[in-house]
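Topology and contacts: notes
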Amino acid sequence: MPESTNTAITAIARNTAGASIELDHVTKTYANQAASAVEDFSMTVNPGELVMFVGPSGCGKTTTMKMVNRIIEPTSGSISIDGRDVLSLNPNELRRHIGYVIQQIGLFPHMTIAENISVVPRLLGWSKAKTSERVDELLRTVQLDPGTFATRYPRQLSGGQQQRVGVARALAADPPVMLMDEPFGATDPITREKLQAEFLRLQESIGKTIIFVTHDFDEAIRLGDRIAVLSDRSQIEQFDTPANILAAPANDYVASFIGHGAAIKRLALIPITEAILGGSSEAVGPITVSTNESLRDALDALVLTGVPALGVVDAAGSTVGSISVARISAVLGTDAIGIAVEKRLEAVSEA
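Residues numbered from 1 in each chain as written. Predicted model: local features only at pLDDT ≥ 70, side-chain atom pairs only at ≥ 80, totals over all residues. Heavy atoms only, no water.

Moving on to the confidence of the model for the protein. On average, residues of the protein score 87 in pLDDT, and 90% of them reach the 70 mark or higher. Low pLDDT, under 50, characterises residues 1-16; the stretch is placed with 25 contacts to residues that sit more than four places away or in other chains. The model gives residues 335-340 a pLDDT under 50, and that stretch makes 10 contacts with residues more than four places away or in other chains. (pLDDT = per-residue confidence, 0-100. Contact = heavy atoms within 4.5 Å.)

Next up, the structure:
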């Protein structure tokens with residue numbers, strides 16, 4: 001490989017805070033197919049941003065993502081990472097510097113967990129000591145004890161644990177870019193929610209640039225900095241923050257993805273501190289919510305307890321006010337939530 005290609009790859013890899021990704025008029029056409037799988041797709045992803053691709057099966061979202069690391073080669077258009085044309089780089093070397101996580105996880109069954117994680121570092125020529133140190137670091141990062149899990153084999157781990165190893169392996173060479181193809185889709189709902197929470201915690205510390213494919217709009221809302229709602233041939237119907245998409249879907253197609261309960265979903269994105277709190281004396285009962293929780297958390301607690309207002313406590317445990325359904329509704333500028341919840345509270349009281 002030419003030295004200039006090596007230099008370009010290394011420069012990308014050193015940008016561990018995340019790198020910009022730009023897809024410019026990218027099209028993918030397969031032989032003997034009249035319509036393109038992806039047609040004239042353009043998007044810029046900012047460094048450290050987590051962008052969700054959401055759309056129905058077969059719309060082209062996975063194909064679009066796979067063109068970034070050239071698992072699928074584009075027919076036309078350009079793709080760059082931090083301004084460097086990825087189509088000019090050796091594809092195998094490129095992929096070693098882009099983390100890739102898939103739904104099926106893809107761990108090598110005959111390798112230990114440590115060996116699975118160290119695959120890319122070994123290909124890059126890392127020393128045994130550096131590789132071993134990195135494996136231990138990553139296992140701790142994904143909350144798996146190295147002393148317990150490093151020497152185990154994939155079959156000895158639960159599905160959720162294997163998925164965490166898959167994320168660790170994708171992070172092994174500290175890539176600035178990660179591509180994730182429905183990575184939590186094969187797990188049960190409880191495990192999936194835990195993995196999502198762990199992933200959000202992890203992203204706060206690593207700051208990678210991530211393109212994440214999902215068909216689950218609720219997952220897109222929870223994880224994404226921005227969401228690209230895609231239709232057939234990866235046409236972008238709307239590309240915006242979760243809050244803006246929930247508040248103002250661009251068309252009926254986007255609205256169909258949101259489904260019912262858009263206002264409730266918006267509450268999960270809004271911290272309790274956005275509400276104008278009532279006085280502490282208005283709170284009823286011992287149950288409280290924290291200032292670091294969302295308005296959705298507060299609403300859930302109000303419905304479950306059936307009280308008119310809950311106490312709100314700060315990080316030190318001191319009561320700083322109270323929250324009610326009316327105050328939650330006021331944040332959204334609507335009383336629709338209030339009407340629905342009041343009916344629910346009446347039902348709870350009667351029961």
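Let us look at the sheet that holds strand β13 (residues 319-324). Here we have 3 strands laid out as an open sheet, ordered β11-β12-β13, and mixed in their pairing. Among the strands making up the open sheet, the edge pair consists of β11 (288-290) and β13. Averaged over all neighbouring strand pairs, the angle between strand axes comes to 35°, with direction disregarded. Bridge count between strand β12 (residues 309-313) and β13: 5 bridges; the pairing is antiparallel. Of the residues in β13, the one forming a bridge with L310 is I323. Running at roughly 140° to β12, helix α14 (residues 295-305) makes contact with β11, β12 and β13 of the sheet. (Pairing = 2+ DSSP bridges. Helix = DSSP H or I, 4+ residues; strand = E, 2+ residues; numbered from the N terminus. Axes fitted to C-alpha atoms, helices over the stretch in contact; angles between N-to-C directions.)

Soluble, globular proteins show a tendency: their nonpolar side chains are buried together. With 42 residues, the main nonpolar core has I117, M180, F199, F212, F217, I227 and V229 as its most contacted residues. Setting aside residues up to four positions removed in sequence, I117 forms contacts with V135, L138, L139, V165, A168, R169 and A172. Core analysis: the next-biggest nonpolar cluster, separate from the first, contains 27 residues, I21, V26, V177 and I211 among them. (Core = buried A, V, L, I, M, F, W, Y, C linked by side-chain atoms within 4.5 Å. Buried < 20%, exposed > 50% of the residue type's maximum accessible area, 1.4 Å probe, protein only.)

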